[in-house]
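Architecture at a glance
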Amino acid sequence: MIDSLSIVLICTVFVSCAENKKTFTNYNDYPTPILADLWLDYSKKATEFKIWSPTAEKIQVHLYNEGDGGEPVATYLMDKHPDGIWKKLLSDNLHGSYYTYQVQVNGRWLDETPGIYAQSVGVNGERAMVLDLETTNPKNWRLDQGPEINYTNEAIIYELHIRDVTIHPESGSSMPGKYLGLVEEGTTGPSGIATGMDHIKEMGVTHVHLLPAFDNYSINETKLDSAQFNWGYDPNNYNVPEGSFSSNPYRAEVRIKEFKEMVKTFHDNDIGVILDVVYNHTGHTEDSNFNLESPGYYYRHWDDGKLSDAAACGNETASERAMMRKFITESVVYWAEEYHIDGFRFDLMGIHDITTMNEITKALQNVNPNIFVYGEGWTAGDSPLTIERRALKQNMTQMPKIAAFSDDIRDGLKGSVFEDTSTGFVSGAVNTEESVKMGIVGCIEHAQIDYKSVNYSDAPWTNQPWQSISYVSCHDNHTIFDKLKVSRRDANEEELAAMVKLGNAVVMTSQGTAFMHAGAEMLRTKNEEHNSYNLPDSINQINWNWKLINSEVVKYHENLISLRKKHPGFRMISANDVRNNLEFKKVENGLISYQISNHANGDIWNSIFVVYNAKTKTVKFDMEGAWQLAVLGDKFDFEGSEIATKVEIPPLSMLVAFQK
């Protein structure tokens, strides 16, 4: 383990490499073999171990029979090669053997590490395993592929935590909290309602967004019989699935096999899989795998040598450095190729630099053009990386193939996530319409938006509408139901339900990419907890009784998703399409109406008229001609059997009408 004083010295003074007598004055002097293959090279005849550590004096590789416990069965000194790379070729079939690296710097042996390029690990990720990855593939894996999409806003994203979906006793799962439990079909809950995978299929979403499912530090995999919970935003081994979701975390190959089975089952049901990735920081710092290989290099520091912390988790990684950029890019490509992942959501994307994010996206789309990338366009704190270089929401026009979350529409709809009592459009606030309108058009430039009246953005920030992720809630902060409840103590359950429905109705009819928090459709509550990242199942689980109790709300959301999928007018692909075809009509406090025209985006409906009534009273609306009613209040009729020129729109509800 390297102490903090050593890190400061490494960062601010000189780093020496006794092996080749070379002295580095700073990290930019390090050799950066960005084209080198640093992944384990396995065959049945030999295995080559590789590691990049320019300041190492010696490196050894230890072999073990098991993933934990016991002494090494063999130890080998590695050979120094140019550009800071160390290698060791062992002629034998080492499939199933566990191993670690150990690096000597400044005359001191650091702790053992599985290496940052580890692809399979034993329990708690402490040792890597030599593995023939072909043996982990499900039947017909080579033919497996996710859904095809041309633009990101064709996706309807459903964000979930693997454990939450099946851990409740009423989930009906035979493998609660596991990869295979998530995709178990035929499970039922109270009164025979569909749960788990069958519920996800019923909803009609196109992609599931999995909260971090790579190996993390928080969960002790040797004590899974004890109560443990964590979202998983504390990375340990980036290229390995988390073991606590597998049936046996002690065997390195099991988590890999089961993760692939999960992905394939989703794909077999035409549902894509998005991985939430957290390359902006590591769960540990001094003894992280990065620091145990090349101390200090992978992290940012202030001028005085102190670690910077834009992640608010103790450190932040340095994506702009060549070998970190190489690692992140190759890591996501590995997930795309080996696990057939269909999309990536970058946690605190604003910590990364713009160049890296663009290179990552280009590399992924070379693997699979259906892959898409989105992230949080902000940081949690300041960073040495200048604002102009950060992958922030305000810089999205420089990342033309990436999307970012729109906090404008999120808080415009329900109120600030930072203030419990703050309200939004659906909960009775005044002067929130421009923030909602901005979200409706996908945060593009539109002549009818008064950007000075938008809550967070005083200018458009996307090139195209699909670059804006439209949402009203996610795993962070309160659930939408809880947020509305804490900000509107005077509202009854029926009114709160109506607000939830209206909020997600706006999301599902907006031009950005639609995103929904799992359970929002059944009025999910976390007992008003604001940050449940490490709280027990009793807070985080989806209680399947909610689906039964709130069945009409669930059906409403199912119909919303169906509406969006049937009508591409709600997901135009270019900013010009939106500007030319979407015109706002009547807008006042608590009411927004607009018309989509000209068979927009190839829609079978020539004109679509939408009204959001956030008022607590019925609104009488003159439709200016005869229109067929597709949605009025809770009633959905996609054929539009009722024709009207004037309508009465119920309180806290949406109208959708059309002309063919």
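Owing to the predicted nature of the structure, the values given are computational and were not obtained by experimental measurement.

Notes on the overall build of the chain
Secondary structure summary: the chain contains 15 helices and 28 strands in total. Its C-alpha atoms give the chain a radius of gyration of 26 Å, within 12% of the compact-globule value 26 Å for 660 residues. Projected onto the principal axes, the alpha-carbon positions of the chain cover approximately 85 × 50 × 45 Å. Out of the 660 residues belonging to the chain, those deemed buried represent 64%. Residue pairs at least 24 apart in sequence account for 71% of intrachain contacts in the chain once pairs closer than 6 positions are excluded. Accessible surface, the chain as shown: approximately 23,900 Å² in total, 46% of it carbon and sulfur. Charged side chains of the chain number 59 positive and 90 negative; the gap between the two group centres comes to 3 Å.

Structural notes on the sheet that holds strand β3 (residues 41–42)
Here we have four strands laid out as an open sheet, ordered β3-β4-β8-β7, and antiparallel in their pairing. Looking along the sheet, the strands with just one partner apiece sit at the ends: β3 and β7 (79–80). Pairing analysis gives two bridges linking β7 to strand β8 (residues 85–90), with the strands arranged antiparallel. Bridging from a neighbouring strand, D79 pairs with K87 of β8.

Side note on the confidence of the model for the chain
When pLDDT is averaged along the chain, the result is 96; 97% of the residues meet or exceed 70. Ignoring residues within four places in sequence, the model shows residues 1–21, a span with pLDDT below 50, making 53 contacts including any to other chains.

A look at the nonpolar core
In terms of nonpolar packing, the biggest core is built from 147 residues, with F344, F346 and M654 touching the most fellow members. Looking at this core, the element that brings in the most residues is helix α11 (residues 493–508), giving ten residues. In this structure, M654 is in contact with L502, A505, T509, Y556, L560, L563, V610, V611, Y612, V631, L632 and G633, ignoring residues within four places of it in sequence. L40, Y42, V61 and Y101 belong to the second largest nonpolar core, which has 23 residues in total.

Considerations on the sheet that holds strand β19 (residues 402–405)
A barrel is described by the order of its strands in space; here eight strands give the closed sequence β12-β13-β16-β17-β18-β19-β20-β21, paired in parallel fashion. The average angle at which neighbouring strand axes cross in this sheet is 30°, direction not considered. By the bridge criterion, four bridges tie strand β17 (residues 343–346) to strand β18 (residues 372–375) in an arrangement that is parallel. Bridging from a neighbouring strand, F346 pairs with G375 of β18. Packing of helix α5 (residues 252–268) onto the sheet brings it into contact with β13 (207–210) and β16 (272–277), and relative to β16 it is tilted by some 135°.

Overview of unusual backbone geometry
Even without being a glycine, L523 presents a positive backbone phi close to 60°. Mapping L523 onto the fold places it in the loop between β21 (513–517) and α12 (537–540). Given a relative accessible area of 6%, L523 falls into the buried group. Within the chain, N598 stands out as a residue other than glycine whose phi angle is a positive 70°. Of note, N598 is situated in the loop between β23 (591–596) and β24 (607–613). The class for N598 is exposed, based on a relative accessible area of 51%.

Observations regarding helix α8 (residues 407–414)
Summarising burial for α8: eight of the eight residues are buried, a large majority. Within α8 the residues assigned to the buried category are D407, D408, I409, R410, D411, G412, L413 and K414. The secondary structure elements touched by the buried residues of α8 are β19, α9 (433–440), β20 (468–470), α10 (480–487) and α11. Of the residues one or two after α8, G415 is the one with positive phi, at around 105°.

Quick notes on the pairing of strand β28 (residues 653–659)
Looking along a regular strand, one sees the side chains alternate between the two faces of the sheet. Burial within β28 is extensive, with six of its seven residues counted as buried. The sheet contact formed by strand β25 (residues 619–632) and β28 spans four bridges and is antiparallel. Residue pairing for β28: L632 is matched across the bridge by L655.

About the thresholds
- Residues numbered from 1 in each chain as written.
- Predicted model: local features only at pLDDT ≥ 70, side-chain atom pairs only at ≥ 80, totals over all residues.
- Heavy atoms only, no water.
- Helix = DSSP H or I, 4+ residues; strand = E, 2+ residues; numbered from the N terminus.
- Rg over C-alpha atoms; globule rule 2.2 N^0.38 Å.
- Buried < 20%, exposed > 50% of the residue type's maximum accessible area, 1.4 Å probe, protein only.
- Contact = heavy atoms within 4.5 Å.
- Areas by Shrake-Rupley, 256 points an atom, 1.4 Å probe, with all protein chains shown as cover.
- Lys, Arg positive; Asp, Glu negative; His and termini not counted.
- Charge placed at Lys NZ, Arg CZ, Asp CG, Glu CD.
- Pairing = 2+ DSSP bridges.
- pLDDT = per-residue confidence, 0-100.
- Core = buried A, V, L, I, M, F, W, Y, C linked by side-chain atoms within 4.5 Å.
- Axes fitted to C-alpha atoms, helices over the stretch in contact; angles between N-to-C directions.

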